[in-house]
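Examining the three-dimensional arrangement
Listed below, chain by chain, are the residues.
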Amino acid sequence: MSIDSAPPAAPGPSPGPHYDFQDAQSGDLGALAAIADAMKSDNLTDRLESLKRLGILALAMGEERTRDELIPFLDESIDDEDELLLALAELLGDFVQYVGGPKYAYVLLRPLENLAAAEETVVREKATESINKLVEVMDQLHVEEYLIPCIARLSSGEWFTSRSSAAGLYASAYGKVTDAIQSKLRAGYEALCKDDMPMIRRAAASNLESLVKKIEKDHVISFAIPNFRLLADDDQDSVRLLTVEPLVAITKRLTTDECKQYLGESVQKLCVDKSWRVRYMVADHFIAIATNIKDQELQEELLSVAISLMHDSEAEVRGAICTQLDGLADLATPEAIVARLQAPLQELVDDPSQHVRATLAKHIGSLCSVFGKEGTLEHLLPLLLRLLKDSFPDVRLNIISKLDVVDSVVGIDSLSQSLLPAIVELAEDKQWRVRLAIIEYVPLIASQLGVQFFDEQLSNLCMSWLGDPVYSIREAATANLKKLTEVFGVDWARATIIPKILAMATHPNYLYRMTTIFAITTIAPSVTPDIVRDLILPSLEGLVNDQIPNIRFNVAKSLEPLTAVLRKSPETTSLESSIIRPTLARLEEDPDPDVRYFAHRSLMAIDSPAA
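These numbers were taken from a predicted model, which means no experiment stands behind them.

Some words on the overall build of the protein
- Per the secondary structure count, the protein includes 38 helices and zero strands.
- By the compact-globule yardstick of 25 Å for 611 residues, the protein is too spread out, its C-alpha radius of gyration being 34 Å.
- Dimensions along the principal axes, computed over C-alpha positions, put the protein at roughly 85 × 75 × 45 Å.
- For the protein, the proportion of its 611 residues judged to be buried stands at 52%.
- In the protein, once contacts between residues fewer than 6 apart in sequence are set aside, the share between residues at least 24 apart is 68%.
- A distance of 2 Å separates the average location of the 59 positive side-chain charges in the protein from that of its 91 negative side-chain charges.

Okay, here's the thing in structure tokens:
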């Protein structure tokens, strides 16, 4: 069967024939012909579908015919829809097995080279990615014979599309060629860095990092740094901002003295660049740059730069430097950090941008270990309190989620005395995600402060969450009670929370009755069989006849985990036959189909050998 054996699709508005691919996997000739026909269809959907089954067609044709007929045919289809080209570019990267293995991988380079020059960016990127995937399995001879000329053609292409794709291929080829060809590759890449078109220089800047990781140390200094400086001084900020990641890669390859000698001036210039987008990139990678440089004098200068970025006119820059707070401690002594950061932190807490305040709230806790217990209590806790009362819910949420970091430094006693009133206030926050974060933090407070403190300060609060209008809060509240039972013990649960839970079983609002079932089902694995027998089962018996079907089928669901608890003690195993099974049998005859279903499912689960 030849690729060209099928007649061309008829012109016109008709959607074309329906192609049945079902038998293609078994090698049915009609189905294989259908794939070949669909590849030339006017219908894009059919062509995409045929691409998905191209591997089947290749297997049927054999490796030699795939190389000689199928791949050239695909190469001729390059002028098609972008969606199809993208799928083809991805497919060819995984097509090595169909053309005869790694020794024939070079056959796929030609269609991918054409795709790498396509107009659509995503197609070019996927083609470049696939070529790099092929390079991994190609040997040195084939890389030098086929890939290097491919890179040369793309690098000298008339259109910017091919040259921009070429920049992404140098790094993968570099480690697989001789020193002489490596020299030519460096010269070719340098030409891309000096290209007249900003799009090409952007591509060169974005791919310089991967090339820096492959080249020898001497060439980092003689080749990478000059081209980095060239791009870092570019008149286009879209080019300059892409030099920050290569800068990080270069600093990792140099010694302390070399960093100071070759990069000090460039780093300073990028930090105060007139474009906020460049400053943002510097702020976002600030610690990676600063710690790699290692020179103490330069690092202290960079701390001053970090503080200036905290005062930047653009909120995005201020937010980005806030993400780097945990690494600033390595740039100076703790005393210097505490002294120099107090003022900018005060300003950031009152920043007009809620995004900046939220980012600060997420990362400020990391400074506690630098400030120490006394410094945190004196300087950071007042800031945390202000952030806890921020008008923007994400700020409050981020502070709550990081309180364990603060606790590890100052201790729960100091933390609870300072922040407990604010935490209690946030427990009733109008934003349910804030309430949820508080719930998840309560077991930590309870375990540290003990039973008496919890019963006096937090017990009523935890029970109130069971009646929250948001389901996620009620669900988290039941999980919270299980954790508290594990912290304070079963006796405490029996005397304190279980009676309060069961009291809701008679509440007129069905949501409270439902929460009772959820709560006892959740805490059941943590309580003893006698609690289930004496307290829980009598309450459930009253809910079996509830007028709401949702209540009844949740009772049926809850009896399964309760049975597992009752089986733990010889004194309560008989309740399975005297109460559990009769109750489920009764629910199996319920008029509601959902109740009957869940009752039957629970009986089956109880009867299963794994139960």
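Once the structure has been displayed, the description carries forward.
Quick look at the nonpolar core
- Ranked by size, the top nonpolar core spans 201 residues in total, and within it Phe 286, Leu 328, Leu 345 and Trp 465 carry the most contacts.
- Here Leu 345 is in contact with Leu 325, Leu 360, Leu 367, Phe 371, Leu 380 and Leu 383, once residues within four sequence places are set aside.

Overview of the UniProt feature "repeat: HEAT" (unreviewed entry) in the protein
- As annotated in UniProt, the feature "repeat: HEAT" (unreviewed entry) corresponds to residues 108–146, 224–262, 302–340, 341–379, 380–418, 419–457, 536–574 and 580–611 in the numbering used here.
- Taken as a whole, residues 224–262 contains 77% helix and 0% strand, while its terminal C-alpha atoms sit 11 Å from one another.
- Spanning residues 536–574, this segment combines 69% helix with 0% strand, and its end C-alpha atoms are found 16 Å apart.

Considerations on the pattern of salt bridges
- Within this structure, the stated rule accounts for 28 salt bridges.
- Taking the shortest distance from any N to any O, the salt bridge between Arg 567 and Glu 576 comes out at 2.9 Å.
- A relative accessible area of 13% places Glu 576 in the buried class.
- Note that Glu 576 and Arg 581 form a salt bridge whose closest N and O atoms lie 3.0 Å from each other.
- Looking at Arg 581, the relative accessible area reads 26%, which means it is partly exposed.
- Overlapping salt bridges bring together Arg 494, Asp 530, Arg 533 and Asp 534 as one network.

Considerations on a negative patch on the surface
- On the surface, Glu 81, Asp 82, Glu 83, Glu 119 and Glu 120 cluster together into a patch of negative charge.
- In this fold, Glu 119 is placed in the loop between helix H7 (109–116) and helix H8 (121–137).

Concerning the side chain of Ser 165
- Relative to the helices and strands, Ser 165 is located in helix H10 (residues 160–166).
- At 2.5 Å, the side chain of Ser 165 forms a polar contact with the backbone oxygen of Ala 116.

Topic: the packing of helix H24 (residues 368–388) against helix H25 (residues 393–401)
- Contact geometry of H24 with H25 gives a least axis separation of 8 Å together with a crossing angle of 135°. With respect to each other, H24 and H25 are oriented oblique. Where H24 abuts H25, its residues Leu 384, Leu 387 and Leu 388 lie against Val 395, Arg 396, Ile 399 and Ile 400.
- A per-class count over the contact of H24 with H25 returns six nonpolar, no polar and one charged.

A look at helix H35 (residues 529–543)
- Between its terminal C-alpha atoms H35 stretches 20 Å, which fits the 21 Å expected from 15 residues at 1.5 Å a residue.
- By the burial criterion, the buried members of H35 are Pro 529, Ile 531, Val 532, Ile 536, Leu 537, Ser 539, Leu 540 and Leu 543.
- Looking at the buried positions of H35, the neighbouring elements they touch are helix H32 (490–495), helix H33 (497–503), helix H34 (510–523), helix H36 (549–566) and helix H37 (574–587).

Structural notes on the side chain of Thr 583
- Its place among the elements puts Thr 583 in helix H37.
- Not counting residues within four places of it along the chain, the set of residues in contact with Thr 583 comprises Val 544 and Leu 559.

Reading the values: rules and limits
Residues numbered from 1 in each chain as written. Predicted model: local features only at pLDDT ≥ 70, side-chain atom pairs only at ≥ 80, totals over all residues. Heavy atoms only, no water. Helix = DSSP H or I, 4+ residues; strand = E, 2+ residues; numbered from the N terminus. Rg over C-alpha atoms; globule rule 2.2 N^0.38 Å. Buried < 20%, exposed > 50% of the residue type's maximum accessible area, 1.4 Å probe, protein only. Contact = heavy atoms within 4.5 Å. Lys, Arg positive; Asp, Glu negative; His and termini not counted. Charge placed at Lys NZ, Arg CZ, Asp CG, Glu CD. Core = buried A, V, L, I, M, F, W, Y, C linked by side-chain atoms within 4.5 Å. UniProt positions renumbered as here; feature names shortened; annotations may be inferred. Salt bridge = Lys/Arg side-chain N within 4 Å of Asp/Glu carboxyl O. Patch = residues over 30% accessible without salt bridge, like charges linked within 9 Å, V, L, I, M, F, W, Y side chains within 5 Å. Areas by Shrake-Rupley, 256 points an atom, 1.4 Å probe, with all protein chains shown as cover. Polar contact = N/O pair within 3.5 Å; in protein donor to acceptor, adjacent residues only side chain to side chain. Axes fitted to C-alpha atoms, helices over the stretch in contact; angles between N-to-C directions. Parallel < 35°, antiparallel > 145°, perpendicular 65-115°, else oblique. Nonpolar A, V, L, I, M, F, W, Y, C, P; charged D, E, K, R; others polar. Expected span 1.5 Å × (residues − 1).

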